[in-house]
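# Reading the structure
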Amino acid sequence: MSAPLRSATLHLPDETATEDLARRLAPLVSGQHGPAGGHIHLRGDLGAGKTAFTRALLRACGIAGRIKSPSYALLESYKVSNLYFYHFDFYRFSDSREWLDAGFRDLLRDDAVVLIEWPERAEGLLPPPDLLISLAYAGQGRDATLSAYTPRGQTWLNAIVPPPLAAPSPRKAPPGAA
Ligand SMILES: Nc1ncnc2c1ncn2[C@@H]1O[C@H](COP(=O)(O)OP(=O)(O)OP(=O)(O)O)[C@@H](O)[C@H]1O
Ligand SMILES: [Mg+2]
């Protein structure tokens, strides 16, 4: 994949921090600040928190009921109002025929929310994501690196982690001020 437009790394000390990050992304993907939809890829070792993140995001987008991990089914889908959510897990994915035959590519629409765990197992079959979230073990917690590959992803990232230039500069008291 080419270089991202922007990246930022956040430390997530516990599962609540992972869920909080997902809850901050939820209004951005579900259209409260622009067109709804977008593609998020989730990378990270087994147990890094990809499903935990996705579950919290789906929950915050209004999905009620059980949210299963798609580790066996490859895909779980949901609908809230007119917005479709597709949660893929390609851990067990081996044969690209399987993907093409099942017509999954038709689901990769820009106006759906597409969340993909283990996207590297389907490398070459997927368009670049709006946002890649890489989760890495860091002590008891995780480090999440968010990389934006499209203007849409960059808008999301800037809303979650304001870029340094846009951040307010700290007010300094003039020398000699009390
Ligand atoms: N920031 C965090 N710090 C510590 N533990 C976390 C954090 N976020 C999630 N966890 C925990 O890590 C585990 C993540 O499991 P989860 O099933 O989400 O991993 P996964 O990345 O989807 O794994 P797999 O590759 O098997 O699908 C859960 O037990 C969750 O409580
Ligand atoms: Mg998982």
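Residues numbered from 1 in each chain as written. Chains lettered and ligands numbered in written order. Predicted model: local features only at pLDDT ≥ 70, side-chain atom pairs only at ≥ 80, totals over all residues. Heavy atoms only, no water.

Following both chains from N to C, one finds helix 1 (residues 15–29) and helix 2 (residues 50–60) inclined at 45°, their axes separated by 8 Å at the closest point. For the element pair helix 1 / helix 2, the angle class is oblique. Here the hand of the crossing between helix 1 and helix 2 comes out right-handed. Of the residues in helix 2, those in contact with Glu15, Thr18, Glu19, Leu21, Ala22, Arg23, Leu25, Ala26 and Val29 of helix 1 are Ala52, Phe53, Ala56, Leu57 and Ala60. Each residue belonging to the contact of helix 1 with helix 2 can be placed in one class, and the counts come to ten nonpolar, one polar and three charged. (Axes fitted to C-alpha atoms, helices over the stretch in contact; angles between N-to-C directions. Helix = DSSP H or I, 4+ residues; strand = E, 2+ residues; numbered from the N terminus. Parallel < 35°, antiparallel > 145°, perpendicular 65-115°, else oblique. Left-handed = near helix turned anticlockwise from the far one by under 90°. Contact = heavy atoms within 4.5 Å. Nonpolar A, V, L, I, M, F, W, Y, C, P; charged D, E, K, R; others polar.)

Strand order across the open sheet formed by seven strands is 1-7-6-2-5-4-3, with mixed pairing between neighbours. Looking at the sheet topology across the chains shown, the edges are occupied by strand 1 (6–12) and strand 3 (75–80). Here the average twist between neighbouring strands, direction ignored, is 15°. Note that strand 2 (residues 38–43) and strand 5 (residues 113–117) share five bridges and pair parallel. Bridging across to strand 5, histidine 39 finds its partner in valine 114. Strands strand 1, strand 2, strand 4 (83–89), strand 5, strand 6 (131–138) and strand 7 (141–148) of the sheet are contacted by helix 1, whose axis makes an angle of about 140° with strand 1. (Pairing = 2+ DSSP bridges.)

What follows is about the packing of aromatic side chains. One pass over the full model with this rule turns up five aromatic pairs. Residues phenylalanine 88 and phenylalanine 104 carry aromatic rings whose centres are separated by 5.6 Å and whose planes lie at 75° to one another, so their mutual orientation is edge-to-face. Of this pair, phenylalanine 88 sits in strand 4 while phenylalanine 104 is found in the loop between helix 3 (96–101) and strand 5, placing the two residues 16 residues apart along the sequence. The exposure classification of phenylalanine 88 matches that of phenylalanine 104, with both residues buried. Joined through ring pairs, the aromatic side chains of Phe88, Phe90, Phe93 and Phe104 make up one cluster. The lysine or arginine in question, arginine 121, covers the ring of tryptophan 118, its NZ or CZ lying 4.9 Å from the ring centre. (Phe/Tyr/Trp six-rings, centres within 6.5 Å; stacked < 30°, edge-to-face > 60°. Buried < 20%, exposed > 50% of the residue type's maximum accessible area, 1.4 Å probe, protein only. Lys NZ or Arg CZ within 6 Å of the ring centre and 35° of its normal.)

So, about the site of ligand 1. The environment of ligand 1 is made up of 19 residues, and the closest members are Glu15, Thr18, Lys50, Thr51 and Ala52. Measuring from an oxygen atom of ligand 1, one finds a side-chain N or O atom of lysine 50 at 2.7 Å. Starting from 660 Å² of accessible surface for ligand 1 in isolation, the protein chains cover 74%. Residue assignment for the shell around ligand 1 shows that the elements contributing at least two residues are helix 1, helix 2 and strand 7. With three residues, the top contributor of residues to the shell around ligand 1 is helix 2. Grouping the amino acids of the shell around ligand 1 by side-chain chemistry returns six nonpolar, six polar and seven charged. (Near = heavy atom within 4 Å. Polar contact = N/O pair within 3.5 Å; in protein donor to acceptor, adjacent residues only side chain to side chain. Areas by Shrake-Rupley, 256 points an atom, 1.4 Å probe, with all protein chains shown as cover.)

Most of strand 7 is tucked away, with six of its eight residues classed as buried. Direction of pairing for strand 1 relative to strand 7: antiparallel, over a ladder of seven bridges. Note that in strand 7 the partner of leucine 12 across the bridge is arginine 142. Counting the residues in the hairpin turn of strand 6 and strand 7 gives two residues, including glycine 139, whose phi is positive at 60°.

Honestly, it's all geometry; don't read function into it.
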